[in-house]
Amino acid sequence: MPKAALRVQSFAISIDGYGAGLSQDLQNPLGVRGPELMEWFLHTRVWRKMHGHDDGETGVDNGIAEQGFAGIGAWILGRNMFGPVRGPWPDESWKGWWGDEPPYHTPVFVLTHHPRAPLRMAGGTEFRFVTEGIHAALEQARAAADGRDVRLGGGVSTIRQYLRAGLIDELHFALSPVVLGQGEAMFAGIDLPALGYCVTEDQATDHATHIVLSR
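Just so it is clear, the structure is predicted and the values come from calculations on it, not from any experiment.

Undergrad: Hey, could you go over the overall build of the protein for me, with residue numbers and the actual values?
TA: A tally of helices and strands in the protein yields six helices and 11 strands. Radius of gyration (C-alpha) of the protein: 17 Å, near the 17 Å computed for a compact globule of 215 residues. Structurally, the protein occupies a C-alpha span of about 45 × 40 × 35 Å along its principal axes. Looking at the protein as a whole, 45% of its 215 residues are labelled buried. Here the analysis covers contacts within the protein between residues at least 6 apart in sequence; of these, 64% occur between residues at least 24 apart. Within the structure as shown, the protein displays about 10,600 Å² of accessible surface, and the carbon and sulfur contribution to it stands at 52%. Averaging the coordinates of the 18 positive side-chain charges in the protein and doing the same for the 25 negative ones gives two points 6 Å apart.

Below is the structure:
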């Protein structure tokens, strides 16, 4: 059986290369001004359906968002993508940003330095907390994916770690028409051609320019 691919999908970055704003906290999960990066996604039927609505746009942006969920058997997230809690877990009251039924519907491997018991949620999502690093998380995610692909959800720091290690097979970025000026820089100090990546697809819509990097 072919090895499951590790994919970054629908990850928004600004024109000046930032994937999140500054000062991420409970009130600003994506940092200050970070939500502006996701404007392209908020129009889609995929997003609206996640929130219990039957409307939303069905064009290119929506189709690309749908592709990001197709064939995914497991996810990997950095700890900041799971929540704002820092340091040792004070308790197990924090269960993520998404309510009782997160949108993943698969095992989700959360990178952390601090152990925590697995957390089962409605709809098939189970958060599993990995303290052994990025390679261990990928190995466990591939085993759980059972032949399907693994989606690397972010954040920026986590994607950069996997990029530097040459572990990502494909990256889809939604380049949003936003200038942040500061925040978490996605590509600073990373030589993508030297790592074997090149642009294999690009498509512009009214809300974003979609770019796929492959190796």
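There is more to say after this.
Undergrad: Can you tell me about the sheet that holds strand E10 (residues 198–204), naming the residues and giving the values?
TA: Sheet architecture is open: nine strands sit in the order E5-E6-E4-E3-E7-E1-E8-E11-E10, paired in mixed fashion. The sheet is open, and its two edges are formed by strand E5 (119–120) and E10, each paired on a single side. Pairing between strand E4 (residues 107–111) and strand E6 (residues 126–130): five bridges, direction parallel. Paired with Val 110 across the strands is Phe 129, a residue of E6.

Undergrad: Provide a residue-level description of the packing of aromatic side chains, including the pertinent values.
TA: Counted by the stated rule, this structure contains 15 aromatic pairs. Ring geometry for Trp 98 against Tyr 104: centres 5.1 Å apart, planes inclined by 85 degrees, an arrangement best described as edge-to-face. On the basis of an interplanar angle of 80 degrees and a centroid distance of 5.3 Å, the ring pair of Phe 173 and Phe 187 is categorised as edge-to-face. In this pair, Phe 173 sits in strand E8 (residues 170–175) while Phe 187 sits in the loop between strand E9 (184–185) and E10, placing the two residues 14 residues apart along the sequence. We classify Phe 173 as buried; its relative accessible area is 3%. Assessed through its relative accessible area of 25%, Phe 187 is described here as partly exposed. Above the ring of Phe 69, the side-chain terminus of Arg 151 is found at 4.9 Å from the ring centroid.

Undergrad: A description of the pattern of salt bridges should follow, citing residues and the corresponding values.
TA: Overall, the coordinates contain six salt bridges when judged by the stated rule. For Arg 7, the salt bridge is made with Asp 149, and the minimal N-O distance between the two is 3.0 Å. Here Arg 7, found in strand E1 (residues 6–13), pairs with Asp 149, found in strand E7 (residues 149–154); they are 142 residues apart in sequence, far enough to count as distant. Between Arg 33 and Glu 36 there is a salt bridge whose closest N-O contact spans 2.8 Å. Through salt bridges with shared partners, a single ionic network connects Arg 120, Glu 126 and Arg 128.

Here is what the cut-offs are and how they apply
Residues numbered from 1 in each chain as written. Predicted model: local features only at pLDDT ≥ 70, side-chain atom pairs only at ≥ 80, totals over all residues. Heavy atoms only, no water. Helix = DSSP H or I, 4+ residues; strand = E, 2+ residues; numbered from the N terminus. Rg over C-alpha atoms; globule rule 2.2 N^0.38 Å. Buried < 20%, exposed > 50% of the residue type's maximum accessible area, 1.4 Å probe, protein only. Contact = heavy atoms within 4.5 Å. Areas by Shrake-Rupley, 256 points an atom, 1.4 Å probe, with all protein chains shown as cover. Lys, Arg positive; Asp, Glu negative; His and termini not counted. Charge placed at Lys NZ, Arg CZ, Asp CG, Glu CD. Pairing = 2+ DSSP bridges. Phe/Tyr/Trp six-rings, centres within 6.5 Å; stacked < 30°, edge-to-face > 60°. Lys NZ or Arg CZ within 6 Å of the ring centre and 35° of its normal. Salt bridge = Lys/Arg side-chain N within 4 Å of Asp/Glu carboxyl O.

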